[in-house]
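# Structural overview
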Amino acid sequence: MNAKKNVVKGSGTAWVRHTLLLAGAAATLSMSASALAGKANDTLVYASDSEVENISQYHNNLREGVILAHLIWDTLIYRDPKTGDYKPQLATAWKWESPTALVVDLRQGVQFQNGDKFSADDVVFTFNYAVSNESKAVTRQNTDWIKDVEKLGDYKVRINLKRPFPAALEYLAGPLPIYPGVYFKKLGLEGFSKAPIGTGPYKATSVTPGQGVMLVKNPNYFKESPQGQPKIGNIKFVVIPDPETRSAQLMTGAVDWIWRVPADQAESLKTTPKITVQSGETMRVGFLTIDATGTSAPNSPFKDLRVRQAVNYAINRKGIADNLVRGGSQPVYTACFRTQFGCDAKAVINYDYNPAKAKELLAAAGYPNGFDTEIYAYREREFAEAIIGDLHKVGIRARLHYMKFAALLTEYRSGKTPLTFQTWASFSINDASAFTGVYFKGSADDITKDPQLRQWLETADNSVDPAVRKTNYSKSLESISKQAFMAPMFSYSTFYAYNSQLKFQGYPDELPRFYEASWK
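Numbering of residues begins from 1 in every chain and follows the order in which that chain's sequence is written. Note on the predicted model: pLDDT of at least 70 is required for a residue's local features to be given, and 80 or more for side-chain atom pairs to be given and counted; whole-chain, interface and lining totals, by contrast, use all residues. The basis for every side-chain value is the complete set of heavy atoms in the structure, and neither hydrogens nor water enter the calculation.

## What about the sheet that holds strand S4 (residues 91-98)?
What counts, and what does not: Criterion used throughout: strands pair if DSSP finds at least two bridges between them. Here a helix means four or more residues in a row that DSSP labels H or I, a strand means two or more in a row labelled E, and each is numbered from the N terminus. In this analysis an axis means a line fitted to C-alpha atoms, helices contributing only their contacting stretch, and an angle means the value between N-to-C directions, from 0 to 180 degrees. The contact criterion used is simple: two residues touch if any of their non-hydrogen atoms lie within 4.5 Å.
If you trace the four strands from one edge of the open sheet to the other, you get S4-S5-S7-S6, paired in antiparallel fashion. Bordering the open sheet on either side are S4 and strand S6 (146-153), each of which pairs with just one other strand. With strand direction ignored, the average angle separating the axes of adjacent strands in the sheet is 20 degrees. In the sheet, S4 pairs with strand S5 (residues 101-106) via six bridges, with the strands oriented antiparallel. Residue pairing in the sheet places Trp94 in a bridge with Val104 of S5. Where helix H3 (residues 120-130) meets the sheet, it contacts S5, S6 and strand S7 (156-161), and its direction lies at approximately 170 degrees from that of S6.

Shown next, in the form of structure tokens:
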């Protein structure tokens, strides 16, 4: 039986299990919970499976943190998701003074949610803090192009770059929110994470570990924002790890919006009254990182190129994309997403599903009977299990360690994970630097530590010549593929399911813009 059929069988089993559990859960959950959510209360309750440890976007890698950040804080520049155009947000204008100096004019009359006035001091504080060792930022790859920021006036700053970085505007429009300097320094990082303040369309009124975040519409949100004014009065983020429970609470009305709905559940929910299901491919890529340096175990088989290539040939990318992920998912062979600048799919090897080839490579490497190993994962257990099934067929007997993201990251960065199933959505940044720079440019997440790769990526990231950038990204992607340092597998699709009274639009960058949402 081929992997594709196995995936279909697993999906069918999951559907039966889901149907039974969903019916039971829907019958037992109290309908009174719906009073906590919905149009009548002007409260949008959205549920997800993961919780950020620190709500500060500079201090977490999870998508939930990105979503909350775009509600609470503003960035200097706004990128229109429909056109891709850059528009003024907290900045009103910007100009390159030199290849390493960007002068930015700032918006006047904007207030933080505690009444403090926004000014150049806040921009200077935020970026200089983020790039300092004191900040202990975990998303340092998003700011490592910044040398420092100078105040030129109450509403004008100069951003000094370490070296030319043509993607600067893309980053300023994405994962770099502006914090209130005086307030942050008063509370410190721990206090700020519990009582965050921004200039954004929503204010966080409570942050409760293990439960979620409550937000209320900012009545003083500045009128000139290209995002427009928020429409829904209250937004509540809740953590519900189990997918069947999330679906059941959506059906009872306790929750208004869920995502990452498994494909089989999405099909079932389409037939449910008063629930809308929406789907589409996203920029998120699922991949395996492979311990090429052999730090996870003495005599690790993954130090052998042939073994790493065997892993790539063993995985039925199309079977997983078509039958398990679904919703527009496609096989991926590059360490980036195809729409990102510099993501050259022609430079890489398309490791087609070929178990026989994988077995040949393993035998040539001295493993004719395969070997035992470990694989680590933190989300979509069913995807991880499908990958394990494919590996097992060629003799790579991988035992699953399924854990929370923070615990997995500690193990991974300590070099203890032979194979790690991860995902990356590049913080929705449409530039290859946002993917390759994280995993192959010397950061804590770079377990390969290849000096040639790092050199090519430095050149690609910092050249002002687009042709030079493309050439060096192409060299990097070719090397990653030929050396099989990673096994890119598939793009994610996202199934959204939500209260039919809610007007909502998803985007390929996997950023639910709840400030655009409204009740019908």
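## Regarding the environment of Phe237
This is how the line gets drawn: Summary of the burial criterion: residues with accessible area below 20% of their type's maximum are buried, those above 50% are exposed, and those between are partly exposed, where the area comes from a 1.4 Å probe applied to protein chains only.
Structurally, the position occupied by Phe237 is in strand S10 (residues 234-239). When its relative accessible area of 1% is taken as the criterion, Phe237 is described as buried. Separated by 190 residues in the primary sequence, Phe237 and Ala47 place their C-alpha atoms 5.8 Å from one another. Excluding residues that lie within four positions of it along the chain, Phe237 makes contacts with Tyr46, Ser48, Ser50, Glu64, Leu68, Gln211, Gly212 and Val213.

## Here we look at the state of the cysteines
Stated formally: Two cysteine sulfurs form a disulfide in these notes if their separation is within 2.5 Å.
Under the definition given, this model contains one disulfide. Through a disulfide, Cys336 is tied to Cys343; the S-S separation comes to 2.1 Å. Because the sign of the S-S torsion sets the handedness, a value of about 85 degrees for the bond joining Cys336 and Cys343 places this disulfide among the right-handed ones. For Cys336, a relative accessible area of 0% puts it in the buried group. On the accessibility criterion, Cys343 (13% relative accessible area) is buried.

## Considering the sheet that holds strand S11 (residues 257-258)
Ordered in space as S8-S9-S10-S1-S11-S16-S12-S15-S13-S14, the ten strands form an open sheet in which the pairing is mixed. Pairing within the sheet leaves two strands with one partner each, and these edge strands are strand S8 (202-208) and strand S14 (396-402). Where strand S12 (residues 275-290) meets strand S16 (residues 486-499), twelve bridges bridge the pair, whose relative direction is antiparallel. Bridging across to S16, Thr289 finds its partner in Met486.

## Points about unusual backbone geometry
With the exception of glycine, the majority of residues adopt a negative phi angle, and the majority of peptide bonds are in the trans configuration. At Glu380, a position not held by glycine, the phi torsion is positive, near 45 degrees. Here Glu380 shows up in the loop between strand S13 (371-377) and helix H11 (381-393).

## Some words on the side chain of Ser518
Checked against the element boundaries, Ser518 lands in strand S18 (residues 518-519). Discounting chain neighbours no more than four positions away, the residues touching Ser518 are Lys231, Ile232, Gln501, Leu502 and Lys503.

## Some words on the pattern of salt bridges
Two side chains carrying opposite charge are able to pair once their charged atoms lie near each other. Which entries qualify depends on this criterion: The term salt bridge refers to a side-chain nitrogen of Lys or Arg lying within 4 Å of a carboxyl oxygen of Asp or Glu.
Taken as a whole and assessed by the stated rule, the structure comprises 25 salt bridges. Of the charged contacts in the structure, one is a salt bridge between Arg260 and Asp49, with a shortest N-O distance of 2.9 Å. With a gap of 211 residues between them, Arg260 in the loop between S11 and helix H7 (263-269) and Asp49 in the loop between strand S1 (43-48) and helix H2 (63-72) connect regions that are remote in the sequence. A salt bridge links Glu281 to Arg338; the nearest nitrogen and oxygen atoms lie 2.4 Å apart. Placement of the pair is Glu281 in strand S12 and Arg338 in the loop between helix H9 (317-325) and helix H10 (355-364), with a sequence separation of 57 residues. With relative accessibility at 17%, the residue Glu281 sits in the buried group. On the accessibility criterion, Arg338 (44% relative accessible area) is partly exposed.

## Structural notes on the nonpolar core
How we decide: Buried Ala, Val, Leu, Ile, Met, Phe, Trp, Tyr and Cys residues form a nonpolar core when they are joined through side-chain atoms within 4.5 Å.
Ranked by size, the top nonpolar core spans 108 residues in total, and within it Leu76, Phe127, Trp145, Ile159, Leu172 and Trp257 carry the most contacts. Element by element, the count of residues in this core is highest for H3, at seven residues. Ignoring anything within four residues of it in the chain, the contact list for Phe127 reads Tyr58, Leu76, Ile146, Val149, Ile159, Leu172, Leu176 and Ile178. One finds Ile290, Ala314, Ala321 and Ala365 within the second-largest nonpolar core, a separate group that totals 37 residues.

## Quick look at the pairing of strand S9 (residues 212-217)
Inspection of the sheet shows S8 paired to S9 by six bridges, in the antiparallel sense. Bridging across to S9, Lys203 finds its partner in Val216. Hairpin remark: S8 followed by S9, antiparallel, with three residues in the connecting loop; positive phi at Gly210, about 85 degrees. Where S9 meets S10, five bridges bridge the pair, whose relative direction is antiparallel. Paired with Val216 across the strands is Asn234, a residue of S10.

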